[in-house]
Amino acid sequence: MKSHVKRSIKFSLTIAVITFVLAAIFSVISSSILGGVAWFIGLFIVLVIVLVGVVFDMLGIASTAAQEAPFHAMAAEKVTGAKEAVIIIRNADRFASFCNDVIGDISGIVSGTASAIVVLQIANLLGYGEGSSVQIFISVVLTSVVAALTVGGKALGKYFAINASTKIIFFAGKIISIMENRLKIKVLPKNY
């Protein structure tokens, strides 16, 4: 039991460090990009960030809902992505933690920061400064829309993740197979 606790603590600390680094990178990149673009492009970028969070949340849920059995025959026949799908399912706790907690939560935080930048751009374009009632109104509306899209998107994603988990994980397995075999980017542990 102690080895499981040690592995869990090690994984938790690793995830915390990865989250810190990725959050910093994504925040710097999104702030840099949003500072130099028009507000409508910034709004599009915010929506893309929200979509990334929704998709990764769906992947995390699908990994916990999927079953290994459909992938064993495919893996035996060397179907691209089947072996990776089995590895995802066997490591569902870690995969879901990364997808839901790391990428999903970072997307939520970065979309909030990006929304604030877009709000300031719109308010300045309309001739209202920071702290004006117009800026506050725009902030409330945009924040509410982003929150509604995030929560509604994740709710819809959870439905698909539970009801189409095999297809979703097979697709993820194919993408990861391409990343690992063609692009030589290690994504999954090799314990099959």
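What counts and what doesn't
- Residues numbered from 1 in each chain as written.
- Predicted model: local features only at pLDDT ≥ 70, side-chain atom pairs only at ≥ 80, totals over all residues.
- Heavy atoms only, no water.
- Buried < 20%, exposed > 50% of the residue type's maximum accessible area, 1.4 Å probe, protein only.
- Helix = DSSP H or I, 4+ residues; strand = E, 2+ residues; numbered from the N terminus.
- Contact = heavy atoms within 4.5 Å.
- Patch = residues over 30% accessible without salt bridge, like charges linked within 9 Å, V, L, I, M, F, W, Y side chains within 5 Å.
- Areas by Shrake-Rupley, 256 points an atom, 1.4 Å probe, with all protein chains shown as cover.
- Salt bridge = Lys/Arg side-chain N within 4 Å of Asp/Glu carboxyl O.
- UniProt positions renumbered as here; feature names shortened; annotations may be inferred.
- Core = buried A, V, L, I, M, F, W, Y, C linked by side-chain atoms within 4.5 Å.

A. Just helix 4 (residues 82–90), in detail. With seven of nine residues buried, helix 4 lies mostly within the body of the structure. On its buried face, helix 4 sits against helix 2 (39–65), helix 3 (69–76), helix 5 (92–125) and helix 7 (165–181).

B. Fine view of a nonpolar patch on the surface. On the surface, V17, F20, V21, I25, F26, I29 and I33 cluster together to form a nonpolar patch covering roughly 640 Å² of accessible area. For I33, the position within the fold is in helix 1 (residues 2–35). In this structure I33 comes out as partly exposed when scored by relative accessible area, which is 41%.

C. Looking closely at unusual backbone geometry. For K78, which is not glycine, the phi torsion reads 60 degrees and is therefore positive. Tracing the sequence through the fold places K78 in the loop between helix 3 and helix 4. The phi dihedral of K184 is positive, around 60 degrees, even though this residue is not glycine. The exposure class of K184 is exposed, given its relative accessible area of 66%.

D. Inspection of the UniProt feature "transmembrane region" (unreviewed entry) in the chain at higher detail. Per the UniProt annotation, the sites labelled "transmembrane region" (unreviewed entry) are residues 12–30, 36–56 and 134–153. The distance from the first to the last C-alpha atom of residues 12–30 is 26 Å, and the span holds 100% helix and 0% strand. Between the end C-alpha atoms of residues 134–153 there is a gap of 28 Å, over a span that is 100% helix and 0% strand.

E. Highlighting the nonpolar core. Among the nonpolar cores identified, the biggest contains 19 residues, and L59, F71, I88, F95, I169 and L188 are the most heavily contacted of them. Secondary-structure elements contributing two or more residues to this core are helix 2, helix 4, helix 5 and helix 7. In this structure L59 touches F95, C99, I168, I169 and A172, once residues within four positions along its chain are discounted. With 18 residues, the next largest nonpolar core counts V46, V50, A114 and V119 among its residues.

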